[in-house]
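Below, each chain spelled out in residue letters.
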Amino acid sequence: GNSVTQMEGPVTLSEEAFLTINCTYTATGYPSLFWYVQYPGEGLQLLLKATKADDKGSNKGFEATYRKETTSFHLEKGSVQVSDSAVYFCALSFTINAGNNRKLIWGLGTSLAVNP
Amino acid sequence: DAGVIQSPRHEVTEMGQEVTLRCKPISGHDYLFWYRQTMMRGLELLIYFNNNVPIDDSGMPEDRFSAKMPNASFSTLKIQPSEPRDSAVYFCASRLAGSSYEQYFGPGTRLTVT
């Protein structure tokens, strides 16, 4: 079946440190991959996405590359800021029926705390 | 656009009471999703609608949960009777067909059942 596994948190970093949050997936077919971010007290919002193999999604200094050979979509940022403190969710989108309805499968989320 | 609107933002109720959560999706969006978020199970899809029609309700935990979408601008999630294990944050999200499947989330309703 389809599933998403992401590294457990919490992750605690100092400001300007390098960030990696690992995400691997299992899927049939050709899923799209996403990273969503949830700031304290808010709903989730899309951070970046990639819709096919070797695509790189990027936004706000974050990047992730869709690696089909390793079934991975790791999130990276070269220099984190205190304002990046949030929970990060990896997600996979796949088609569930011939009517082109799609479903998102979510990872459990990784909490990131960045200290000044 | 105001984004996805949910009400109430916080709800505290006693076990056995009926709870109704409300959602107004972004105007023009034709998909609406209800999620539940807990520390133990993370983010779970409960049900989603396309053009007001329920498409997949396999995530609804049991018959105590029901969801309706009487029109394109309003949906409700009802729990009757509520139980302490229903305590969670409930999110509503919407998206536009063909939009690379990006979902827009509301701020959530934090439900506490005592």
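Residues numbered from 1 in each chain as written. Chains lettered and ligands numbered in written order. Predicted model: local features only at pLDDT ≥ 70, side-chain atom pairs only at ≥ 80, totals over all residues. Heavy atoms only, no water.

## Overview of the sheet that holds strand β1 (residues 5–7) of chain B
Residues and elements named next belong to chain B.
- Pairing within the open sheet is antiparallel, and its 4 strands lie in the order β1-β3-β8-β7. Each edge of the sheet is formed by a strand with only one pairing partner; in this case those strands are β1 and β7 (65–71). Ignoring which end each strand starts from, the neighbouring axes of this sheet average 15 degrees apart.
- Relative to strand β8 (residues 74–79), β7 is paired through 5 bridges, and the arrangement is antiparallel. Bridge pairing in β8 links Asn71 to Phe74. (Pairing = 2+ DSSP bridges. Helix = DSSP H or I, 4+ residues; strand = E, 2+ residues; numbered from the N terminus. Axes fitted to C-alpha atoms, helices over the stretch in contact; angles between N-to-C directions.)

## Considerations on the pattern of salt bridges
Residue and element names in this part refer to chain B.
- Summed over the entire model, instances satisfying the criterion amount to 11 salt bridges over all chains.
- For Glu44, the salt bridge identified is with Arg41, shortest N-O distance 3.1 Å.
- With relative accessibility at 21%, the residue Glu44 sits in the partly exposed group.
- Taking the shortest distance from any N to any O, the salt bridge between Asp86 and Arg64 comes out at 2.7 Å. You can see Asp86 sitting in the loop between β8 and β9 (88–95) and its partner Arg64 sitting in the loop between β6 (53–56) and β7, a full 22 residues away along the chain.
- Judged by its relative accessible area of 1%, Asp86 falls in the buried class.
- The exposure class of Arg64 is buried, given its relative accessible area of 10%. (Salt bridge = Lys/Arg side-chain N within 4 Å of Asp/Glu carboxyl O. Buried < 20%, exposed > 50% of the residue type's maximum accessible area, 1.4 Å probe, protein only.)

## Some points on the packing of aromatic side chains
- Applying the stated criterion across every chain yields a total of 14 aromatic pairs over all chains.
- With 6.3 Å between their ring centres and 45 degrees between their planes, A:Phe34 and A:Tyr36 make a pair best called tilted.
- Judged by its relative accessible area of 0%, A:Phe34 falls in the buried class.
- The buried category is assigned to A:Tyr36, whose relative accessible area is 0%.
- With a centroid separation of 6.3 Å and 85 degrees between ring planes, the pair formed by A:Phe89 and A:Trp106 is classed as edge-to-face. One end of the pair, A:Phe89, is in strand β10 (residues 86–95); the other, A:Trp106, is in strand β11 (residues 102–106), and 17 residues separate them in sequence. Both residues of the pair, A:Phe89 and A:Trp106, belong to the buried class.
- Joined through ring pairs, the aromatic side chains of A:Phe34, A:Tyr36, A:Phe89, A:Trp106, B:Tyr31, B:Phe33, B:Tyr35, B:Tyr48, B:Phe91 and B:Phe105 make up one cluster.
- Seen from the ring of B:Tyr31, B:Arg95 lies directly overhead, with NZ or CZ sitting 4.0 Å from the centre. (Phe/Tyr/Trp six-rings, centres within 6.5 Å; stacked < 30°, edge-to-face > 60°. Lys NZ or Arg CZ within 6 Å of the ring centre and 35° of its normal.)

## Comments concerning the sheet that holds strand β9 (residues 75–77) of chain A
Residues and elements named next belong to chain A.
- Taken together, 4 strands build an open sheet; the order of strands is β3-β9-β8-β7 and the sheet is antiparallel. The open sheet is flanked by β3 (19–21) and β7 (56–59), the only strands paired with a single partner. Averaged over all adjacent pairs, the angle separating strand axes in this sheet is 15 degrees, with direction ignored.
- Across 3 bridges, the pairing between β3 and β9 is antiparallel. Each residue of the ladder has a partner; that of Leu19, found in β9, is Lys77.

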